[in-house]
Amino acid sequence: MAEKVLKRADSFYPIFERKGGPTPDVTHYCPGCGHGVLHKLIAETIDDFGIRDRTILISPVGCSVFAYYYFRTGNIQSAHGRAPAVATGIKRVFPQSIVISYQGDGDLAAIGTNNILQAANRGEKITVFFVNNAIYGMTGGQMAPTTLIGQKTTTSPMGRKPGNEGFPIRMSELIATLHAPIYVERVALTDAKNSTRVRKAVRKALQNQIDNKGFSFVEVLSVCPSGWKMTPVQAKEWLTQEMIKAFPLGVYKDISDEIEAQPAKGNVFSVQGLREQLNLPEEKVAPATPVNKTATPEKYRNPRLKMAGFGGQGILMLGLGIAQAGMDAGYEVSWIPSYGPEMRGGTANCHVNLSTERIGSPLVTRPTVLIAMNLPSLEKFVDEVVPGGLIITDASLVTQPPARKDLEHLSIPATQIADELGNTRVANMVILGAYIAYTQILDQETVFASLPHFIKQKSLIGLNIQAIKKGIESISSQIKN
Amino acid sequence: MDLEKGLESARVVIREDECKGCGLCINICPEKVLFEQKHLNRMGYHPAGYLGTGCIGCGFCFYQCPEPGAITVYKKGYVGEEVER
């Protein structure tokens, strides 16, 4: 506190644009909330230690779910109770980053109890701030695992009874029994003296991580005036008088001095670093081959495809083939498989998008093209197809035309053609050939060139090319007829 | 405010529109120089106010206030401009 001014920390955004609304300069927290105060102490420490560029804060589910509105650091919001697992992943991939898991008592001590215990037990070199206010604040004041004996909440209206709901869980004591954690302390946001201890604990827990020492855990007792149905000043009083009795303050474990400070080596987060980690090539600024939009008739451009059939018919590979060839041709593409637990004989379908523009959702709920390789698939998905859409069926297995009359229907005896080629399993490639020939969405050379990317057994590539050519021929013969 | 020569005495500045009227700063102030104002701010709270003199720059109010920018405390001897956002 050598600074001559106490002001808004630089590690907060000047305006909370992610929050938006009429008051984007203030937090969403209730008057007097402890989260805001702890946020300030953490932000101030990040400023003072100069670690903003390498700090990643994991926000939980609970009132502090929106911590990413406020902190001008890296942010990830995790599934309920899973912040320690997310923090583990980030810290292990980027050991030089400063990873903070910020969690409330519903998140850390209820749904995520095992998650935090395992992370602590592994001694992940992260910092955990655990805000304990003895209640579920966000959902309207229900009983939490940390609710005091006799405390009235909406789900313990007569007061918590040990015989019914057990005792308040003391997380600091529990974690301090483990071998791996190096620093465990419980502090309280009450008066000026205790607030100073919170400030010191925050700094120590982050310094431990900068020195790469080990797992640090700070439990912060905090008020919830709204949940407790008190004024902020009454709430501070209740925290001081009642809550500290149930949750004694103090250092429960500290072996940080016994460990030598050795700043972490390894990756620092950067987009380039992430690409290297994931083994991705350099990002292409422009598509490798510009897409020739005009070759494709307008109604077949930017298709949203759904393809379905029995497991084993090669439905997923058909989708993969269209997506891969599309990508090679310079389209934006997506592919999502969906199948039952059976490898063979079940049903399978997949969603594919090919677009000259970036794809918002990879899900295809209203396909423009439906490829149905059997009758049940046709019946199941025909109603989803947009009016005027295209349906391609395998004439060998789908003997009836679709009931809808507002659709274009192409019937290809794919399985029969494949059988004549000597392998019924290339029926999917016959369909692929028919589709590209009919809609002119892709040229055959691009498709042939893409085959080695998704066909593992190289000796089968020739057969697949034959099948695609047969599919293309089937269309030209249809058009002639 | 002219702060080029260094502040002769500490002062606290409250951004009324960011105050949610929780009263924690008023409650903690050892010099009792903060008070609840009668008017309502844009969010419908009675914001805290400063009497104008008597601040000792202890910073207790700053560390009670949950809002990132509602309170700024300038200590005695502070040199520089008034803090913007």
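As the structure is a computational prediction, the values presented were derived from the model and not from experiment.

Asks: Can you walk me through the overall build of chain A in this structure?
Replies: When you go through chain A residue by residue, the secondary structure sums to 17 helices and 14 strands. Taking 481 residues into account, the globule formula puts the C-alpha radius of gyration at 23 Å, and chain A, at 30 Å, lies well above it. The dimensions of chain A, computed from C-alpha atoms along their principal axes, are 90 × 50 × 45 Å. Here chain A, with 481 residues, has 52% of them falling under the buried criterion. In chain A, 64% of the contacts between residues at least 6 apart in sequence involve partners at least 24 apart. Surface summary for chain A: the accessible area is close to 21,700 Å², and the carbon and sulfur share equals 54%.

Asks: Got a minute to help me understand empty space enclosed by the protein in this structure?
Replies: Vacant regions in the atomic arrangement are exposed by a probe of water-molecule size rolled over the atoms. All names here are of chain B. Counted according to the given criterion, the structure contains 2 cavities of 30 Å³ or more. Roughly 180 Å³ of internal volume is contained in the largest cavity. Lining the largest cavity are 23 residues, and of these Cys19, Lys20, Gly21, Cys22 and Cys65 sit closest to its centre. Considering each element in turn, the lining of the largest cavity owes the most residues, 3 residues, to helix α1 (residues 24-28).

Asks: Is there a simple way to think about the side chain of Asn374 of chain A in this case?
Replies: Residue and element names in this part refer to chain A. Turning to its location among the elements, Asn374 is positioned in the loop between β12 (369-372) and α13 (375-381). Look at Asn374 and you get buried, because its relative accessible area is 3%. A polar side-chain atom of Asn374 sits 2.6 Å from a polar atom in the side chain of Ser377. The residues contacting Asn374, other than those within four sequence positions of it, are Ala308, Gly309, Phe310, Gln313, Leu397 and Val398.

Asks: Would you mind showing me how to read the interface of chain B and chain A here?
Replies: Contact residues are listed per partner, giving 31 residues for chain B and 35 residues for chain A. Summed over both sides, the interface of chain B with chain A buries roughly 2,800 Å², with 63% coming from carbon and sulfur. Run the count over chain B and chain A and you get 2 salt bridges. For the salt bridge of Asp25 of chain A with Arg42 of chain B, the shortest nitrogen-to-oxygen distance reads 2.7 Å. When residues of the side of chain B that touches chain A are traced back to their parent elements, those giving at least two are α1 and β4 (71-74) of chain B. It is β4 of chain B that contributes the most residues to the side of chain B that touches chain A, 4 residues altogether. Class assignment for the residues of the side of chain B that touches chain A results in 16 nonpolar, 7 polar and 8 charged. Note: strand β1 (residues 5-6) of chain A against β4 of chain B, 2 bridges, orientation antiparallel. Paired with Leu6 of chain A across the two strands is Val73 of chain B, which belongs to β4 of chain B.

Asks: Quick question: what am I supposed to make of the packing of helix α14 (residues 414-421) of chain A against helix α15 (residues 427-439) of chain A here?
Replies: Two quantities define a packed helix pair, namely the angle between the axes and the distance from one axis to the other. All names here are of chain A. One way to put it is that α14 packs onto α15 with a least axis distance of 8 Å and a crossing angle of 120 degrees. Our classification of the angle between α14 and α15 gives oblique. Judged by the sense of rotation from one axis to the other, the crossing of α14 with α15 is right-handed. Only Ala427, Val430 and Ile431 of α15 make contact with α14, whose side of the interface consists of Ala414, Thr415, Ile417 and Ala418.

Rules and cut-offs
Residues numbered from 1 in each chain as written. Chains lettered and ligands numbered in written order. Predicted model: local features only at pLDDT ≥ 70, side-chain atom pairs only at ≥ 80, totals over all residues. Heavy atoms only, no water. Helix = DSSP H or I, 4+ residues; strand = E, 2+ residues; numbered from the N terminus. Rg over C-alpha atoms; globule rule 2.2 N^0.38 Å. Buried < 20%, exposed > 50% of the residue type's maximum accessible area, 1.4 Å probe, protein only. Contact = heavy atoms within 4.5 Å. Areas by Shrake-Rupley, 256 points an atom, 1.4 Å probe, with all protein chains shown as cover. 1 Å grid on protein atoms, 1.4 Å probe; cavity = no way out; pocket = protein on both sides within 12 Å on 5 of 7 lines; lining within 4 Å. Points joined across faces, edges and corners; volume = space filled by probe spheres on them. Polar contact = N/O pair within 3.5 Å; in protein donor to acceptor, adjacent residues only side chain to side chain. Buried area = accessible area lost by both parts, 1.4 Å probe. Salt bridge = Lys/Arg side-chain N within 4 Å of Asp/Glu carboxyl O. Nonpolar A, V, L, I, M, F, W, Y, C, P; charged D, E, K, R; others polar. Pairing = 2+ DSSP bridges. Axes fitted to C-alpha atoms, helices over the stretch in contact; angles between N-to-C directions. Parallel < 35°, antiparallel > 145°, perpendicular 65-115°, else oblique. Left-handed = near helix turned anticlockwise from the far one by under 90°.

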